[in-house]
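As a plain string of letters, each chain reads:
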Amino acid sequence: MRFGPIPIEAAEGAVLAHATAAGERRFRKAHRLSAEDVSLLKAAGVTQVVAAVLAPGDLGEDAAAQKIAESMAFTGIEARPAATGRVNLHAEAAGIFTVDAAVIDAINAIDPAITIATLAQHAPVEKGQMVATVKIIPFAVASALVDAVTKVCAGGEVFAVNAYRPVRVGVIQTVLPGIKPTVLDKTLRVTEARLARSGGTLTAERRTPHEIAPVAEATIALARDNDMVVIFGASAMSDFADVVPAAIEKAGGTVTRAGMPVDPGNLLVLGALGGKRIIGAPGCARSPRENGFDWVLDRLIAGLDVTARDIAGMGVGGLLMEIPTRPQPREPLPAKTRLKVGIVLLAAGRSSRMGGPNKLMALFDGQALVRRTVERTLASKASGTIVVTGHQRERVRGALSGLDVTFADNPDFAEGLSSSLKAGIAYLPQDIAGAMIVLGDMPGISPADLDRMIDAFRAAGGNSVVRASHEGKRGNPVLLPRSLFTAIGRLEGDTGARHLIEAEGLEVIDVEIGEGALVDVDTREALEGAGGVLQD
């Protein structure tokens with residue numbers, strides 16, 4: 001292939017490197033010029049074009065990508081038609097992706113013109129998700145290079161999506177004095193949700209003393225009617241002869257591996273009984289957050305074997321995100337009294353339900369509502385206040401003149417709540433342990449209310465969500481731990497942090513602060529009922 005400037009007289013059959021116009025006619029990038037096209041370009045005064053001219057032995061980008069995709073063996077994957085030198089491959093069902101890394105490496109080593117990118121080994125995928133892409137970099141490539149790729153692909157299956165199977169799972173939960181039934185009930189709900197994503201079913205549960213014999217008996221019983229048994233011990237495994245591994249062996253089974261180099265997930269036990277897999281779940285599996293238990297469970301449900309060697313090889317990449325509710329975090333948090341809380345006050349909205357006036361400018365006892373609220377945050381124990389502005393930003397700033405606050409402008413305020421949350425969180429200092437999200441339109445909130453929430457957050461070690469409430473009803477403000485900040489950065493649209501709190505499985509502490517938790521002023525009637533006077 002030859003690439004570069006080409007006289008228009010010699011451009012027939014060439015592939016355009018850039019979009020090019022001929023009067024009102026526009027030719028897109030990668031368009032192959034015909035004799036008619038050349039005539040139009042000449043008539044428009046074009047004397048040369050930057051293009052690629054294929055040699056006799058070349059394949060165009062789409063043809064090359066298509067031929068490579070067709071030469072690859074794969075299972076559970078659909079190859080889409082080639083376009084712009086690319087063939088995308090998508091999962092036909094939810095499952096676990098597997099790939100022959102040596103084959104992919106060998107293909108990518110043939111020539112930089114030909115590339116294949118895939119998901120990571122054992123990545124979980126959803127139906128329709130892209131799992132791999134074949135991309136030809138230039139507009140054409142020598143057919144001999146494509147033939148070399150197809151020869152590498154002839155060795156066997158290159159990659160696959162191993163679809164989840166609808167497995168039946170029995171659960172055993174051991175009990176020690178002091179363990180709350182609510183903990184066991186939550187564990188069941190979390191496990192059911194884990195299985196639901198792959199079409200599995202939790203069919204039965206048995207609760208036994210935390211002793212070898214009763215756990216062994218329950219394991220035998222549940223293994224008869226289920227594809228898998230999961231054991232949640234009331235006490236974490238502390239030795240390879242502890243209750244759960246010993247119970248598997250007493251039941252007549254074998255222990256494949258006790259302990260794994262994935263954190264959270266170190267204390268997992270994997271065994272088998274009569275061809276059925278038995279998993280001793282680590283304590284972190286009671287939380288919905290990803291941990292080593294997920295890695296093993298999903299592979300087994302997808303029909304993949306998990307050996308002791310497989311588990312031993314999970315260490316690279318096995319250091320997962322910290323779970324704030326762990327009883328002994330890997331790194332100690334600062335002393336409780338030193339935990340810093342920053343306030344993010346949301347003042348960017350358009351007050352659309354007011355029909356025009358900005359509710360934050362409404363007067364309460366002669367003072368603008370937004371100033372009243374900010375002064376109360378500044379009088380609290382919080383380390384500082386970030387005010388997120390957007391709609392009528394200059395007017396809001398003017399109302400806060402002279403106050404010691406930091407302004408975070410949100411030009412995307414019309415996109416919804418998530419944009420303001422992200423803007424405010426981004427301004428918090430690195431030493432902040434938690435962010436209290438305060439709405440600018442809550443006239444009933446006092447500094448003492450905010451202090452009670454900050455005290456509760458510190459008492460819990462900075463790991464929990466603290467939520468204002470009144471008579472059992474949840475309200476605002478909400479204090480979020482730093483562990484949620486990254487997830488908040490991925491929010492989109494008019495979405496707050498509520499679903500993140502539920503998804504992360506964090507402890508939520510409700511703090512009774514009175515009616516102020518439920519009083520905001522979204523409507524004209526609510527504002528006037530709270531004692532406010534709207535301004536134009």
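Residues numbered from 1 in each chain as written. Predicted model: local features only at pLDDT ≥ 70, side-chain atom pairs only at ≥ 80, totals over all residues. Heavy atoms only, no water.

(A) Just the overall build of the protein, in detail. A count of helices and strands for the protein gives 16 helices and 30 strands. For 536 residues, the compact-globule formula gives about 24 Å, and the C-alpha radius of gyration of the protein, at 31 Å, lies well above that figure. Dimensions of the protein along its principal axes, counting C-alpha atoms only, are 80 × 80 × 35 Å. In the protein, which comprises 536 residues, the share counted as buried stands at 48%. A separation of at least 24 residues holds for 69% of the contacts in the protein among residues at least 6 apart in sequence. When the accessible area of the protein is evaluated, it comes to approximately 24,500 Å², of which 52% is carbon and sulfur surface. Looking at the protein, you have 56 positive and 61 negative side-chain charges, and the mean spots of the two groups are 2 Å apart. (Helix = DSSP H or I, 4+ residues; strand = E, 2+ residues; numbered from the N terminus. Rg over C-alpha atoms; globule rule 2.2 N^0.38 Å. Buried < 20%, exposed > 50% of the residue type's maximum accessible area, 1.4 Å probe, protein only. Contact = heavy atoms within 4.5 Å. Areas by Shrake-Rupley, 256 points an atom, 1.4 Å probe, with all protein chains shown as cover. Lys, Arg positive; Asp, Glu negative; His and termini not counted. Charge placed at Lys NZ, Arg CZ, Asp CG, Glu CD.)

(B) Fine view of the nonpolar core. Ranked by size, the top nonpolar core spans 33 residues in total, and within it Val 370, Val 374 and Met 436 carry the most contacts. For this core, the elements supplying multiple residues, two or more each, are β22 (340-347), α10 (369-378), α11 (393-399), β27 (432-439), α13 (447-459) and β28 (465-470). Per element, the largest residue contribution to this core is five residues, and it comes from α13. (Core = buried A, V, L, I, M, F, W, Y, C linked by side-chain atoms within 4.5 Å.)

(C) Structural view of unusual backbone geometry. In the segment running from Asp 263 into Pro 264, the intervening peptide bond is cis, with an omega of 5°. Within the element layout of this structure, Pro 264 appears in the loop between β19 (254-258) and β20 (269-273). Looking along the chain, the bond that leaves Asn 476 and enters Pro 477 is cis, with omega of 5°. Mapped onto the fold, Pro 477 is located in strand β29 (residues 473-481). Phi at Thr 84 is positive, roughly 50°, even though this residue is not glycine. Tracing the sequence through the fold places Thr 84 in the loop between β8 (77-79) and β9 (86-91).

(D) Layout of the pairing of β22. Most of β22 sits out of view: seven of its eight residues are buried. Where β22 meets β27, seven bridges bridge the pair, whose relative direction is parallel. Each residue of the ladder has a partner; that of Gly 342, found in β27, is Ala 435. Relative to strand β25 (residues 384-389), β22 runs parallel, the two being bridged by six bridges. (Pairing = 2+ DSSP bridges.)

(E) Up close: the packing of aromatic side chains. Evaluated as defined, the whole model comprises three aromatic pairs. When the centroid spacing of 6.0 Å and the interplanar angle of 25° are considered together, the rings of Phe 74 and Phe 159 count as stacked. Linking Phe 74 in strand β7 (residues 73-75) with Phe 159 in strand β15 (residues 157-163), this pair joins segments that are 85 residues apart in sequence. Judged by its relative accessible area of 24%, Phe 74 falls in the partly exposed class. Taken together, Phe 74, Phe 97 and Phe 159 form an aromatic cluster joined through their ring pairs. (Phe/Tyr/Trp six-rings, centres within 6.5 Å; stacked < 30°, edge-to-face > 60°.)

(F) Highlighting the pattern of salt bridges. Within this structure, the stated rule accounts for 17 salt bridges. Asp 365 is the salt-bridge partner of Arg 372, the closest N and O atoms lying 3.6 Å from each other. You can call Arg 372 buried: its relative accessible area is 15%. A salt bridge links Arg 393 to Asp 409, with the nearest nitrogen and oxygen atoms 2.5 Å apart. Placement of the pair is Arg 393 in helix α11 and Asp 409 in strand β26 (residues 406-409), with a sequence separation of 16 residues. (Salt bridge = Lys/Arg side-chain N within 4 Å of Asp/Glu carboxyl O.)

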